[in-house]
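Observations on chain architecture
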Amino acid sequence: MDIDSRLKTALDESRLLILGAQVLFGFQFEAVFQERFPEISAESQLIHNAGLVLMLISISLLIAPSLFHQIIFRGESRRAAIDAATLLAGASLLPLTVGLGISAFVIFEHLFGRPLGVAIGTSFTVVGLALLYGLGFALKRDRKKPMQETSKATPLKTKIEQMLTEARVIIPGGQALLGFQLVATLTKAFNELPALFKYIHCAGLCAVALAVVLLMTPAAVHRLGFQGEDDSEFFKIGSRLVIAASIPLAIGISSDVAVVFFKTTESTSVALSAGVAALVALLGFWLAYPVWHRVRSERQPA
């Protein structure tokens, strides 16, 4: 398999993983607005927050390869881009499986008591780790034909296909969050929020809606503006739109991290600190780091 195909496969696999992660991510946000959430013990509510943080880490790791590819490598197929996608996808599985176990614990602990909740939550985590990590490592084989680096330019058609795939990788997180944000405004729990957090939630809703529209725009522009033809101008436009979408997406996620932390801790300072920390971490990892890496690489002598 050539390097272009391997990178496309890596992106498709990240897309598959994020489709599963988005369900848990949406649950972590939506659960705090359910009528019976206050009945959950204070300890379980804090554990729920930990699960939210873990799912945030998993989602951010799965989105990062797409942004790294566009920012660091300018959409070119390079071995380093594949290595980054492989490393980050593998790393995302640990917070994903532990977050799954935490979600199961919170639900079953509330329904059947702590001992059964711990047992089921642990079982979910162990089975997830065994399948996602154990099976893969057990079947790992040394490849006789190592992947060779190439300096040749990636065909425009391939770059466009990969860019559109990257938009599809990122958009599920925004879709899950946007659906939650819209529904949450109609709940009794939302009406009980202080005005500050209502405004934060609404600002986050607008930011995520903008991110989703930005991620859908390349497909519309490609079809309506360029009649589906491969064009270098379209690639530049689409790449910039995908990168730009990460900013409002990070703002939207961070806004509702603050809202969830307020619902579970009832502390304005803790909630705002959590939201700011999430925003700095996401923008730093998704944008600041790849920009720094690209600038450093360009300054190095050939």
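Residues numbered from 1 in each chain as written. Predicted model: local features only at pLDDT ≥ 70, side-chain atom pairs only at ≥ 80, totals over all residues. Heavy atoms only, no water.

**Brief notes about the packing of aromatic side chains**
Where we set the bar: For Phe, Tyr and Trp, where Trp contributes only its six-membered ring, two rings pair if their centres lie within 6.5 Å, and the inter-plane angle classes them as stacked under 30 degrees, edge-to-face over 60, or tilted in between. Two thresholds decide whether a charge sits over a ring: the Lys NZ or Arg CZ must be within 6 Å of the ring centre and within 35 degrees of the ring normal.
Counted according to the given criterion, the structure contains eleven aromatic pairs. Put simply, the rings of Phe25, Phe29, Phe33, Phe180 and Phe190 touch in pairs and so form one group of aromatic residues. Positioned over the ring face of Phe33 is Lys263, at 5.8 Å from the centre of the ring.

**Topic: the packing of helix 8 (residues 232–265) against helix 9 (residues 268–299)**
Applicable threshold: Helix axes are fitted to C-alpha atoms over the stretch in contact, other axes to C-alpha atoms as well, and angles between N-to-C directions run from 0 to 180 degrees. Helix and strand assignments come from DSSP, with helices taken as H or I runs of at least 4 residues and strands as E runs of at least 2, each series counted from the N terminus. With respect to orientation, any angle under 35 degrees is reported as roughly parallel, any angle over 145 as roughly antiparallel, any angle of 65 to 115 as roughly perpendicular, and every other angle as oblique. Each crossing gets its hand from how the near helix is turned against the far one by less than a right angle, where anticlockwise is left-handed and clockwise is right-handed. Classes in brief: Ala, Val, Leu, Ile, Met, Phe, Trp, Tyr, Cys and Pro nonpolar; Asp, Glu, Lys and Arg charged; the others, Gly included, polar.
Here helix 8 crosses helix 9 at 155 degrees, and the two axes come no closer than 8 Å. In this view, helix 8 runs roughly antiparallel relative to helix 9, as classed from their interaxial angle. Our pair here, helix 8 against helix 9, has a crossing hand that is right-handed. For the contact of helix 8 with helix 9, the residue count by class is 19 nonpolar, five polar and no charged.

**Some details on helix 8**
Condition: Any helix carries an expected span of 1.5 Å times its number of residues minus one. We call a residue buried when its accessible area falls under 20% of the maximum for its residue type, exposed when it is over 50%, and partly exposed in between, using a 1.4 Å probe and counting protein chains only. In protein, a polar contact requires one atom able to donate a hydrogen and another able to accept it; more generally it is a pair of N or O atoms within 3.5 Å, and residues adjacent in sequence count only if both atoms are side-chain atoms.
For helix 8, which comprises 34 residues, the first-to-last C-alpha distance of 50 Å matches the rise-based estimate of 50 Å (1.5 Å per residue) to within 8%. Among the 34 residues in helix 8, 24 count as buried, and that is most of the element. Where helix 8 begins, the side chain of Asp231 points an oxygen toward the backbone nitrogen of Glu233, at a separation of 2.7 Å. Once helix 8 ends, the next one or two residues include Glu266, with phi positive near 55 degrees.

**A few points about the side chain of Ser255**
Quick note on the threshold: Contact definition: two residues touch when any of their heavy atoms are within 4.5 Å.
Within the fold, Ser255 resides in helix 8. For Ser255, a relative accessible area of 11% puts it in the buried group. Here the side chain of Ser255 touches Ile251 through a polar contact of 2.8 Å, landing on its backbone oxygen. When residues no more than four places from it in sequence are discounted, the contact partners of Ser255 are Ile200 and Gly204.

Structural measurements only, silent on function.
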